[in-house]
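Residues per chain, in single letters:
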Amino acid sequence: MSRTGITSSGRRAGGALVMLLALVVLSTACTSLTDGDARAPRSVTSPVPRSVPTMLVVDFSESMRTADAPGPRVDAAREAVGSLLEELPSDAQLGVMVYGSTVAVTPENLAPGCRDITVLRELGPLDRPAIEDSLSSIAALGFTPIGNALRAAADALPTTEPAAIVLVSDGEDTCGPPPCDVAAEISGTHPELSISTIGFKTDSDQLECVAAATGGLFVTADNAEQLSARLLATQDPDIARTRLSPQGVDGIELGSTAEAIRDQHSDFPSLSSATPAADGTVTITWGGCTFVFDADGRLSEIAIVPGAQTIDGLRIGDALTRADDLYGDAVSTDGSTSLYTADASSRTAWRITHDSAAITAIGLCECLPATPSKPVGTEVIDIRPYQADGTLTPEYAATAITGPKQWGCRSAASSFGDPGLFTCGQYQTDYIIYMCSFAGGRSLCPDSKTSPDALRFLSNPATQNPASSSDTPVPAPHPLAVQIADGTVCWYGIRFGGPETDGTRVVYVCSQNNYLFAPNGRSALDTSTPTWTALYGPGGQKTTVGVTKVWNIESARR
């Protein structure tokens, strides 16, 4: 079962789950009640919490450059950390550590990459500006040494008093030792330390195991708004477990029977205590939530009552735009009720009722509509790596060119007729057409040996800048790279030797002796149908193939 949302990871004696976030009065939550009328909601008031020493560990590995959050994941992580810093009490003791920010992913870099852990801020008094400034100046680049990072974070924390580690990662360890083993080790040496983990765009078993081993909280997030909200939720795992999430509340999941719930919560009312509706459903109000059971006795919906909030802090009375921010566009709307994706894999949805001004009801149900098939067609991805001054944006990094062959850049106008493109590379090799930038005496060009989804750049001093001195943007370039139906990625480039005997010319270099060809006077890509096509193969054996994806890259201003 997918764990999008939160999972309860057990409870640790000794107060290691003391919350970090200084909220004096917390709203009603779906909290089990142990005295009084078990069916009556009540406010949950928390005493002023202590702040425990905390190390925040943030993933800056190569995959964090993926632009699906909806921008780069690393930008979402920076934003979420900024939101957390605003909410922490001023006397908080916080340290910040990142991994994967200095060593690029190459086979020869595995050993140093697995040691690529940087302490941006030693454990000490909260300094919001310094932390935000240090995070803004680093790039996502390398490996994912989660186990080693957890050890380093634990070593920075006290061993005999409550403390916490909060880890944000979009994947699993690529180095070793196994993070779950490290968490168990830390549990022995730091008995009052908890580790909470956030799987960003992943519901990793590994991250869940780390949290379970130390009594922490495991949550997932799918976009920047969710990441910010759920990072805050990790600051008080006990209360987070009592708030409605895509997996239910307090260990109660959709599909459960009342008897199974009573095994967990002895004060949960029996179905016989309520009168069935005309359709056979039974509604129980308990602990700040209403629980709707279908005619077969299965839990079909959980809804919060006024004053309560979800794991993301969404409340009745909030503007509907807040739901849009957290969950994206509604997947369906029927009158005043909209459904938003909660957990696609388990088919759960947020059922949100609203009027013209605000949300009037929030529930979780197994009612996610079937996802329509994606329209057949070629996916187009736009990459914008260059800043106005020609330098790279922070999420991209450049690797210096080495080797005996001279590096050069020249206009591609004579070869391709594109004044905005430049042929860059090492002499006596096949050239790749790069949409390059020139800044500070360096050429900054996309590296065709990397994935377009996790692009790195090559850097070399330019003895002469071939770019125009004009400040006019260049025409829209050809796609930087093209993926064909079998998964092969081809890069816009030149093969020496001139045109083919049939008049076509090489426009994309795919692999050894395989290319995409442009018919005389035409583009290499036939865009006349939703799924584009191209001529592919070695020179004498061209076949028509489908194009599944293209990457456009914004040229720097010249």
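It should be emphasised that the depicted structure is a prediction, and the values quoted were computed from it without experimental measurement.

**Focus: the pattern of salt bridges**
Then step 1. The full count for this structure, using the stated rule, is 13 salt bridges.
Then step 2. Notably, a salt bridge pairs Glu301 with Arg351, separated by 3.3 Å at the nearest N-O pair. Pair noted here: Glu301 is in strand β12 (residues 299–304) and Arg351 is in strand β15 (residues 348–354), with a separation of 50 residues, a long-range link.
Then step 3. Take Arg351: its relative accessible area is 31%, and that puts it in the partly exposed class.
Then step 4. With its nearest N and O atoms 3.9 Å apart, the salt bridge here joins Asp453 to Lys549. Highlighted residues: Asp453 in the loop between β23 (442–446) and β24 (457–461) and Lys549 in strand β30 (residues 543–553), separated in sequence by 96 residues.

**Topic: the packing of aromatic side chains**
Then step 1. A full pass over the atoms with the stated rule returns ten aromatic pairs.
Then step 2. Here Tyr327 and Tyr340 contribute two aromatic rings whose centre-to-centre distance is 6.3 Å and whose plane-to-plane angle is 55°, an arrangement assigned as tilted. In this pair, Tyr327 is assigned in helix α10 (residues 320–327) and Tyr340 in strand β14 (residues 337–343), connecting sequence segments 13 residues apart.
Then step 3. Relative accessible area serves as the criterion here: at 9%, Tyr327 is assigned to the buried category.
Then step 4. Across from the ring centre of Phe517, 4.6 Å away, lies the NZ or CZ of Lys542, which sits over that ring.

**Thoughts on the packing of helix α1 (residues 73–87) against helix α3 (residues 128–136)**
Then step 1. Contact geometry for α1 and α3: axes closest at 10 Å, N-to-C directions at 175°. One way to sum up the angle between α1 and α3 is to call them roughly antiparallel. Contacts between α1 and α3 pair Arg78, Val81, Gly82, Leu85 and Glu86 from the former with Arg128, Ile131, Glu132, Leu135 and Ser136 from the latter.

**A short note on the pairing of strand β5 (residues 93–99)**
Then step 1. Of all the seven residues making up β5, six are buried; the element is thus mostly covered by neighbouring parts of the structure.
Then step 2. In terms of strand pairing, strand β4 (residues 54–59) meets β5 through six bridges, oriented parallel. Each residue of the ladder has a partner; that of Val58, found in β5, is Val98.
Then step 3. Each parallel crossover has a hand, and for β4 linked through α1 to β5 it is right-handed.

**Remarks on the state of the cysteines**
Then step 1. Counted by the stated rule, this structure contains four disulfides.
Then step 2. The disulfide partner of Cys114 is Cys175, and the S-S distance across this bridge is 2.1 Å. Every disulfide takes its handedness from the sign of the S-S torsion; for Cys114 and Cys175 that torsion is -90°, giving left-handed. In this pair, Cys114 sits in the loop between α2 (110–113) and β6 (117–125) while Cys175 sits in the loop between β7 (163–169) and α5 (179–189), placing the two residues 61 residues apart along the sequence.
Then step 3. Overall, Cys114 belongs to the buried group, its relative accessible area being 11%.
Then step 4. Between the sulfur of Cys490 and that of Cys510 lies a disulfide, 2.1 Å long from S to S. Linking Cys490 and Cys510, the disulfide has an S-S dihedral of approximately 100° and is accordingly described as right-handed.

**So, the sheet that holds β14**
Then step 1. In space, the seven strands of this open sheet follow the order β10-β11-β12-β16-β15-β14-β13, with antiparallel pairing throughout. Strand pairing shows two members of the sheet lacking a second neighbour, β10 (282–286) and β13 (332–334), which therefore form its edges. Strand after strand, the sheet turns through a mean of 25° between neighbouring axes, direction not considered.
Then step 2. The sheet contact formed by β10 and strand β11 (residues 289–293) spans five bridges and is antiparallel. In the strand pairing of β11, Val282 is matched with Phe293.
Then step 3. Its contacts with the sheet place α10 against β14, β15 and β16 (359–365), and it is angled at close to 25° to β14.

Reading the values: the criteria
- Residues numbered from 1 in each chain as written.
- Predicted model: local features only at pLDDT ≥ 70, side-chain atom pairs only at ≥ 80, totals over all residues.
- Heavy atoms only, no water.
- Salt bridge = Lys/Arg side-chain N within 4 Å of Asp/Glu carboxyl O.
- Helix = DSSP H or I, 4+ residues; strand = E, 2+ residues; numbered from the N terminus.
- Buried < 20%, exposed > 50% of the residue type's maximum accessible area, 1.4 Å probe, protein only.
- Phe/Tyr/Trp six-rings, centres within 6.5 Å; stacked < 30°, edge-to-face > 60°.
- Lys NZ or Arg CZ within 6 Å of the ring centre and 35° of its normal.
- Axes fitted to C-alpha atoms, helices over the stretch in contact; angles between N-to-C directions.
- Parallel < 35°, antiparallel > 145°, perpendicular 65-115°, else oblique.
- Contact = heavy atoms within 4.5 Å.
- Pairing = 2+ DSSP bridges.
- Right-handed = clockwise from strand over helix to strand, strands pointing away.
- Disulfide = S-S within 2.5 Å.

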